[in-house]
Amino acid sequence: MSKSTMNPGPVTLDVVGLELNTEDRRRIRDPLTGGVILFGRNFANRQQLTKLTGEIKKLRPDVLISIDHEGGRVQRCKADGFTHLPAMRKLGELWSAKSQSIHAAESAALAMAAATACGYILAAELRACGVDFSFTPVLDLDFGRSGVIGDRSFSRDPQIVFALAKSLNEGLRLADMANCGKHFPGHGWAEADSHVAIPVDERSLTEILNDDAKPYEWLDLSLAAVMPAHVIYPKVDKNPAGFSSVWLHSILRQELGFEGVIFSDDLSMEGASVAGSVVKGAELALNAGCDAVLICNRPDLADQLLAKLKVSQAKKSESMERLNCLMPKSPALAWDDLQDEAQYQHAKGLLKQFRLI
C-alpha cells in the first residue's frame, strides 16, 4: 500500500509554519498520523492556507485537517475575508435578552437562528480553504470561575448550552462539517487552566452528571466527536478525564451511549503531565477509550510519539472507522462562489442584524 493511500492512524499533529518543511512531510507520511491540526501561525491569508491544505492532502488524502476555530478569542483565521465570529457567550446573551419588544420565546428562537448562522459561516469558510473539521462547540458551563473557558461558553444553563450547541451543529452540518463537543464532562468549574496547570474539580459524580454533562446526554446522536478535559475529578477517578476509562468508557460510551470519535486534548499541555511521558500519555488515553490523540506545539514530542507508540491493529481499525465518519462527504464551494451563495449571504445578514459581526 502506498503511503498516499494509507489508512489514518490515531495521532493528530501540527505543522511548523506557513508551508510544509521536510520534517512536516515526514511526520504527515508516518502511518501513525491520522490528522493535522492547524494554528494561527499556519495562516497568513486564504491563498496561503488553501495551498497549505492542498499540500497536506497531496501527501495524505486520508488525513483529517482540523483547526480550533470557535469564534471570539479562539479563532485562528481572522483576516483576508474570514468572518470574525462572536464569542459563544454573545449567543447566550441574545437568548436571555430582555426587551419590551421581544418575547422570551422569540429571543430564544433568534439566538438559535444566529447559532446556526455562525456554524454555517464557520464551516463554509474553512472548507472553502481546504480545512475539514473544527474542534467546536464548547459545551462547558460558565460558572464564572474558569478564565480559560469564560466567554467561550454559551451559558451557565445546560439547557441553553444544549439548544445553542445543537443549532450551531446544524449550521456545521449544512456545510458538511462534523462537530466536536468539549471539554467532557466539563471544564467550567475548575479554576486552573489545564494548558499550564493540573485542574481539580472536587464535585461529586451526581453533581457533574446532573449539570455539566447534560448537554452531552441531550445532544445524543447529533454529537459527532467529543474531547475530554484535562481535569481530575477525584470523587470519580484519580486520572484526568482524558485518561480515565471510568469517564470515557463507563460513563460516556456506556451510560450516555456516545458512539462517535473521542479525541484526547493536547498531550503537551500541563494538564496531561500526570500521565508521564508523551508516549505513556498517548497509551493511557487510547487504552481509556480515546480514538485519537493530539500532540501540538512540540515537534520533538511528536517525533517521540511516532517512533515509540505501539497501537494494535484492532484499536487502529476501530479508531479509523470512527475517524472516517468526520470527513466531509461533499465537495466544498470555492471562496468566490461561497460569497454569492444565498445561504451564506443570509447567514451573514442575520449576524449583522443582531450586531454579532
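Further up the page is the structure itself.
One structure accompanies this document, and this report is about it. Every value quoted in this text rests on a predicted model; they were computed, and no experiment measured them.

### Re the pattern of salt bridges
Evaluated as defined, the whole model comprises 24 salt bridges. R26 is the salt-bridge partner of E23, the closest N and O atoms lying 2.5 Å from each other. Of this pair, E23 and R26 both sit in helix 1 (residues 22–29), 3 residues apart, roughly one helical turn. Using a relative accessible area of 37% as the deciding quantity, one classes R26 as partly exposed. Taken together, the shared-partner salt bridges connect E23, D24, R26, R27 and D303 into one network.

### Considerations on empty space enclosed by the protein
Tallying each qualifying case throughout the model produces 3 cavities of 30 Å³ or more. Taken together, Y216, E217, D220, L223, L252, L256, G257 and F258 make up the lining of the largest cavity. Considered class by class, the residues forming the lining of the largest cavity number 5 nonpolar, 1 polar and 2 charged. In this structure, the second largest cavity spans a volume of roughly 40 Å³. Of the residues assigned to the lining of the second largest cavity, the class counts are 5 nonpolar, 2 polar and 1 charged.

### Topic: the pairing of strand 9 (residues 261–266)
A regular strand carries its side chains on alternate faces of the sheet. Within strand 9, 6 of the 6 residues are buried, which leaves it mostly tucked inside the rest of the structure. Note that strand 9 and strand 10 (residues 292–295) share 2 bridges and pair parallel. Across the sheet, residue D266 finds its bridge partner in strand 10, namely L294.

### Remarks on the side chain of E341
Among the secondary structure elements, E341 is positioned in the loop between helix 12 (335–340) and helix 13 (342–353). Buried charged residue E341 carries no salt bridge. Nearest counter-charge: R127, at 9.9 Å. Within the local environment of E341, its side chain forms a polar contact with the side chain of Y120, the two groups lying 2.6 Å apart. Other than its neighbours up to four places away in sequence, E341 contacts Y120 and L333.

### Structural notes on the packing of aromatic side chains
For the structure shown, the criterion picks out 10 aromatic pairs. Considering the side-chain rings of F184 and W247, the 5.9 Å spacing of their centres and the 85° angle between planes classify their relative orientation as edge-to-face. With F184 in strand 7 (residues 181–184) and W247 in helix 8 (residues 245–255), the pair connects residues that are 63 residues apart, well separated along the chain. W247 sits in the buried class, given a relative accessible area of 0%. One aromatic cluster is present, built from ring pairs that chain together F184, Y216, Y233 and W247.

### Brief notes about the nonpolar core
Membership of the largest hydrophobic core comes to 93 residues, with the highest contact counts inside it found for V11, L38, I56, L91, I295 and L305. When residues no more than four places from it in sequence are discounted, the contact partners of I295 are V11, T12, L13, D14, D266, L267, S268, V278, L301, A302 and L305. Counting 17 residues, the second-largest nonpolar core is a separate cluster that includes F135, C180, F263 and A292.

### Some remarks on the layout of surface pockets
When its volume is computed, the largest pocket comes out at roughly 480 Å³. The wall of the largest pocket is formed by 24 residues, among which N179, L221, S222, L223 and A224 lie closest to the centre. With 4 residues, helix 5 (residues 158–174) is the largest single contributor of residues to the lining of the largest pocket. A class-by-class count of the residues in the lining of the largest pocket yields 11 nonpolar, 5 polar and 8 charged.

### Observations regarding the sheet that holds strand 8 (residues 225–228)
If you trace the 8 strands from one edge of the open sheet to the other, you get 6-3-2-1-10-9-8-7, paired in parallel fashion. Of all strands in the sheet, those with a lone pairing partner are strand 6 (133–134) and strand 7, marking the two edges. In the packing of helix 2 (residues 46–59) onto the sheet, contacts are made with strand 2 (33–38) and strand 3 (64–67), and the angle to strand 2 comes to roughly 170°.

### Side note on the packing of helix 3 (residues 88–95) against helix 5
At a minimum axis separation of 11 Å, helix 3 and helix 5 run at an interaxial angle of 115°. Crossing hand, helix 3 versus helix 5: right-handed. Contacts from M88, L91, G92 and W95 of helix 3 reach helix 5 at I160, A163, L164 and L168. Looking at the contact of helix 3 with helix 5 residue by residue, the classes come out as 7 nonpolar, 1 polar and no charged.

### What about the environment of K329?
In this structure, K329 sits in the loop between helix 11 (313–324) and helix 12. Sequence spacing of K329 and G257 is 72 residues, and the spatial spacing of their C-alpha atoms is 25 Å. The residues contacting K329, other than those within four sequence positions of it, are D176 and N324. From its side chain, K329 meets the backbone oxygen of C325 in a polar contact 3.2 Å long.

### Observations regarding helix 2
Here helix 2 is 14 residues long and its end C-alpha atoms lie 20 Å apart, about the 20 Å a rise of 1.5 Å per residue gives. By the burial criterion, the buried members of helix 2 are Q48, L49, L52, T53, E55, I56 and L59. Here the buried residues of helix 2 occupy an arc of 155° about the axis, which is enough to place them on one side. The exposed set on the far side of helix 2, more than 90 degrees from its buried face, consists of Q47, K51 and K58. Those residues of helix 2 that are buried are in contact with helix 1, strand 2 and strand 3. Where helix 2 begins, one side-chain oxygen reaches toward the backbone nitrogen of Q47, 3.2 Å away; that side chain belongs to N45.

Rules and cut-offs
- Residues numbered from 1 in each chain as written.
- Predicted model: local features only at pLDDT ≥ 70, side-chain atom pairs only at ≥ 80, totals over all residues.
- Heavy atoms only, no water.
- Salt bridge = Lys/Arg side-chain N within 4 Å of Asp/Glu carboxyl O.
- Helix = DSSP H or I, 4+ residues; strand = E, 2+ residues; numbered from the N terminus.
- Buried < 20%, exposed > 50% of the residue type's maximum accessible area, 1.4 Å probe, protein only.
- 1 Å grid on protein atoms, 1.4 Å probe; cavity = no way out; pocket = protein on both sides within 12 Å on 5 of 7 lines; lining within 4 Å.
- Points joined across faces, edges and corners; volume = space filled by probe spheres on them.
- Nonpolar A, V, L, I, M, F, W, Y, C, P; charged D, E, K, R; others polar.
- Pairing = 2+ DSSP bridges.
- Lys, Arg positive; Asp, Glu negative; His and termini not counted.
- Polar contact = N/O pair within 3.5 Å; in protein donor to acceptor, adjacent residues only side chain to side chain.
- Contact = heavy atoms within 4.5 Å.
- Phe/Tyr/Trp six-rings, centres within 6.5 Å; stacked < 30°, edge-to-face > 60°.
- Core = buried A, V, L, I, M, F, W, Y, C linked by side-chain atoms within 4.5 Å.
- Axes fitted to C-alpha atoms, helices over the stretch in contact; angles between N-to-C directions.
- Left-handed = near helix turned anticlockwise from the far one by under 90°.
- Expected span 1.5 Å × (residues − 1).
- Arc of directions from axis to C-beta.

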